[in-house]
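Here is how the chains run, residue by residue.
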Amino acid sequence: MEARIALLPGDGIGPEVMSAAVRILKMVAEHRGHKLHFEEYLIGGCSIDTFGVALTEEALNACKKADAVLLGAVGGPKWDNPAASVRPEQGLLMLRKELGVYANLRPVRVHPALVHASPLKPQQLQGVDMIVVRELTGGLYFGKPRLREKTPQGERAIDTLEYYDFEVERVVDLAFRLAATRRKMVTSVDKANVLESSRLWRQVAQRVGERYPQVSLSHMLVDTASMRLISSPASFDVIVTENMFGDILTDEASVLAGSMGMLPSASLGNSNLGLYEPIHGSAPDIAGKDIANPVGMILSVAMMLRYSLKLEEEASLIEKAVDQVISSQQLTADLGGSLTTRQMADVVLEYISKT
Ligand code: IPM
Ligand code: MG
């Protein structure tokens, strides 16, 4: 097959993990006779430095025309001034919105070889295999009004948590479809005891659930969910929740996997075009040192092969290779190992070339 992939390495460790993952992608494609065309663009701080904006129209249009977009990370202390009007994160949020990728899939698995890398007790980690579906183009991140103003009582700021029923419906529906292929449990997470938007969310989730009698639905308040993620993480199958709750819960869930560097994500909408990025950030403190863990980015490439290019075999080939490498305790520094970013990619490549 033939496909166009837009690459947005971004800031900090983004370019390092991207080049590790793209080496693997190129090798798998070559092996299997697929022709991939790559185009690279700036996003985030590096784009602000060059163009004055976090994402140019040219880059955005190229992403819209591609079959899939791979993204490293954005942001860093250089662009962190709260008074600045252009911010690296704007590029990422605009990209998600403009691509219409409303569902962000964040799978969390605990590799048996890594149970000791997590601060949780090994017995609590047994059987952890969940996928968090985070709503990605609505809620607090995009609601209007959003403003800051001086008033006689002092300066005030407003963010708005807003959802339309159709925004809830489409992401919850996707969560149910996923759950139907897994352990058939959906946990919808909200704050319905306080927030109106959550009461709408809960009602819509209930309605969608009726279409999937083979999948069980439970509702959980977000504070309870944050506790259960640590006290009984193996009890979750598919979690679906609004944008900011999902942002917070997935950082928490990454602790289960031993390192933020392990987790991939796929952002999907109504077409095959998807946006794939690790859940970790730009990690400016270790940028340029060739020590970042590329696994989250590599597994994001696997998700891209699965969801956008429909190459299931190739996706699981990469996932198996990563699994195998970790089983043999070949690890980067975040997990107590000594492999560099490049070496981690080398050992994954070596495993793939043998199969
Ligand atoms: C994430 C990140 C982003 C988010 C930031 C960088 C805007 O934390 O992808 O989880 O909040 O969505
Ligand atoms: Mg986050």
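Residues numbered from 1 in each chain as written. Chains lettered and ligands numbered in written order. Predicted model: local features only at pLDDT ≥ 70, side-chain atom pairs only at ≥ 80, totals over all residues. Heavy atoms only, no water.

**Student:** Describe the nonpolar core, listing the residues and the values that go with them.
**Tutor:** Judged by nonpolar contacts, the single largest core of 94 residues is most densely connected at Leu70, Leu105, Val133 and Ile318. Excluding anything up to four places from it in sequence, Leu70 contacts Ile5, Ala6, Leu7, Leu8, Met18, Val22, Leu25, Tyr276, Met297, Val301 and Met304. Listed in part, the 20 residues of the second largest apolar core include Ala66, Leu95, Leu273 and Leu275. (Core = buried A, V, L, I, M, F, W, Y, C linked by side-chain atoms within 4.5 Å. Buried < 20%, exposed > 50% of the residue type's maximum accessible area, 1.4 Å probe, protein only. Contact = heavy atoms within 4.5 Å.)

**Student:** Can you break down the packing of helix H3 (residues 57-65) against helix H4 (residues 88-99) residue by residue, with the values?
**Tutor:** Direction vectors running N to C along H3 and H4 enclose 40°, while the axes themselves pass 10 Å from each other. When the axis of H3 is compared with that of H4, the two are oblique. Crossing hand, H3 versus H4: right-handed. On H4, the residues that touch Leu60, Cys63 and Lys64 of H3 are Met94, Leu95, Glu98 and Leu99. (Axes fitted to C-alpha atoms, helices over the stretch in contact; angles between N-to-C directions. Helix = DSSP H or I, 4+ residues; strand = E, 2+ residues; numbered from the N terminus. Parallel < 35°, antiparallel > 145°, perpendicular 65-115°, else oblique. Left-handed = near helix turned anticlockwise from the far one by under 90°.)

**Student:** Can you explain unusual backbone geometry? Please cite residues and give values.
**Tutor:** In the segment running from Lys144 into Pro145, the intervening peptide bond is cis, with an omega of 5°. Relative to the elements of secondary structure, Pro145 occurs in strand E6 (residues 143-151). For Lys310, which is not a glycine, the phi torsion comes out positive at approximately 55°. Within the secondary structure, Lys310 sits in the loop between helix H10 (295-307) and helix H11 (312-327).

**Student:** Please set out helix H6 (residues 165-180) residue by residue, giving values where relevant.
**Tutor:** Residue pairs spaced three or four apart in an α-helix point in one direction, given the helix's 3.6 residues per turn. A rise of 1.5 Å per residue sets the reference length of H6, with its 16 residues, at 22 Å; its end C-alpha atoms lie 22 Å apart and thus fit the reference within 8%. Taken as a whole, H6 has its buried residues at Glu167, Val168, Val171, Val172, Asp173, Leu174, Ala175, Phe176, Leu178 and Ala179. (Expected span 1.5 Å × (residues − 1).)

**Student:** Give a description of helix H1 (residues 14-31) that names residues and reports values.
**Tutor:** Counted at 1.5 Å a residue, the expected span for H1 with its 18 residues is 26 Å, and the 26 Å between its end C-alpha atoms agrees. Every buried residue of H1 is listed here: Gly14, Glu16, Val17, Met18, Ala20, Ala21, Val22, Ile24, Leu25, Val28 and Ala29. On the buried face of H1, the contacting elements are strand E1 (2-10), strand E2 (35-40), strand E3 (68-73), H10, H11 and helix H12 (341-354). Of the residues trailing H1, Gly33 is marked for its positive phi of about 70°.

**Student:** Any details on the pattern of salt bridges? Residues and values, ideally.
**Tutor:** Scanning the entire structure with this criterion turns up 23 salt bridges. Ionic pairing is found between Asp129 and Arg109, a salt bridge with its closest N-O pair at 3.4 Å. Remark: Arg109 occurs in strand E4 (residues 103-109) and Asp129 occurs in strand E5 (residues 129-135); sequence separation between them is 20 residues. Here Asp159 and Arg146 are joined by a salt bridge, their closest N and O atoms 3.6 Å apart. Of the two residues, Asp159 sits in strand E7 (residues 154-160) while Arg146 sits in strand E6, which places them 13 residues apart along the sequence. Residue classification places Arg146 among the partly exposed positions, given a relative accessible area of 43%. Taken together, the shared-partner salt bridges connect Arg109, Asp129, Arg182 and Asp237 into one network. (Salt bridge = Lys/Arg side-chain N within 4 Å of Asp/Glu carboxyl O.)

**Student:** How would you summarise the packing of aromatic side chains if you had to cite specific residues and measurements?
**Tutor:** Working definition: an aromatic ring pair is given by the centre-to-centre distance plus the angle between the planes. The tally for this structure, following the rule as stated, stands at three aromatic pairs. If you follow Lys97 out to its NZ or CZ, it ends over the ring of Phe142, 4.8 Å from the centre. Here the basic side chain of Arg134 rests over the ring of Tyr141, its NZ or CZ set 5.2 Å away from the ring centre. (Phe/Tyr/Trp six-rings, centres within 6.5 Å; stacked < 30°, edge-to-face > 60°. Lys NZ or Arg CZ within 6 Å of the ring centre and 35° of its normal.)

**Student:** With reference to specific residues and values, describe the pairing of E3.
**Tutor:** Of all the six residues making up E3, six are buried; the element is thus mostly covered by neighbouring parts of the structure. Sheet topology places E3 next to strand E12 (residues 274-276); three bridges connect them, and they run parallel. Looking at E12, one finds that Ala68 is bridged to Gly274. (Pairing = 2+ DSSP bridges.)

**Student:** How would you explain the packing of H11 against H12 if you had to name every residue and give the values?
**Tutor:** Angle between the axes and distance between the axes: these two values describe a pair of packed helices. Two elements in contact, H11 and H12, have axes whose closest approach is 9 Å; the angle formed by their N-to-C orientations is 120°. Crossing geometry of H11 relative to H12 is assigned as right-handed. Across the interface between the two elements, Leu317, Ile318, Lys320, Ala321, Val322, Gln324, Val325 and Ile326 of H11 pack against Met344, Val347, Val348, Tyr351 and Ile352 of H12. Classifying every residue of the contact of H11 with H12 gives 11 nonpolar, one polar and one charged. (Nonpolar A, V, L, I, M, F, W, Y, C, P; charged D, E, K, R; others polar.)

**Student:** Please give an account of the environment of Ile158 that cites residues and values.
**Tutor:** Structurally, Ile158 is set in strand E7. Separated by 120 residues in sequence, Ile158 and Pro278 place their C-alpha atoms 30 Å apart. With residues up to four places along the chain from it excluded, the contact list for Ile158 reads Pro145, Arg146 and Leu147.

**Student:** Could you give an account of the domain arrangement of the chain, with specific residues and numbers?
**Tutor:** Taken domain by domain, the chain holds domain 1 (1-102 + 264-355) and domain 2 (119-257). The interface of domain 1 with domain 2 comprises eight residues on the first partner and 12 residues on the second. For the pair domain 1 and domain 2, the summed buried surface comes to about 1100 Å²; carbon and sulfur atoms form 66% of the total. At the boundary of domain 1 with domain 2, the tally comes to zero salt bridges. Across the contact surface, domain 1 and domain 2 share two residue pairs in polar contact (both at pLDDT 80 or more). For the side of domain 1 that touches domain 2, the element with the most residues is H4, which contributes three residues. Per-class residue counts for the side of domain 1 that touches domain 2 are five nonpolar, one polar and two charged. (Domains from an automatic or database assignment. Buried area = accessible area lost by both parts, 1.4 Å probe. Polar contact = N/O pair within 3.5 Å; in protein donor to acceptor, adjacent residues only side chain to side chain.)

**Student:** Explain the site of ligand 1 residue by residue, including any values.
**Tutor:** All residues in the neighbourhood of ligand 1 are listed as Glu89, Arg96, Arg106, Arg134, Tyr141 and Asp247. The contact in question runs from an oxygen atom of ligand 1 to an N or O atom on the side chain of Arg106, over 3.0 Å. Tyr141 is positioned with one of its side-chain polar atoms (N or O) 2.5 Å from an oxygen atom of ligand 1. For ligand 1, whose accessible area on its own is 320 Å², the fraction buried by protein is 78%. A per-class count over the shell around ligand 1 returns one nonpolar, no polar and five charged. (Near = heavy atom within 4 Å. Areas by Shrake-Rupley, 256 points an atom, 1.4 Å probe, with all protein chains shown as cover.)

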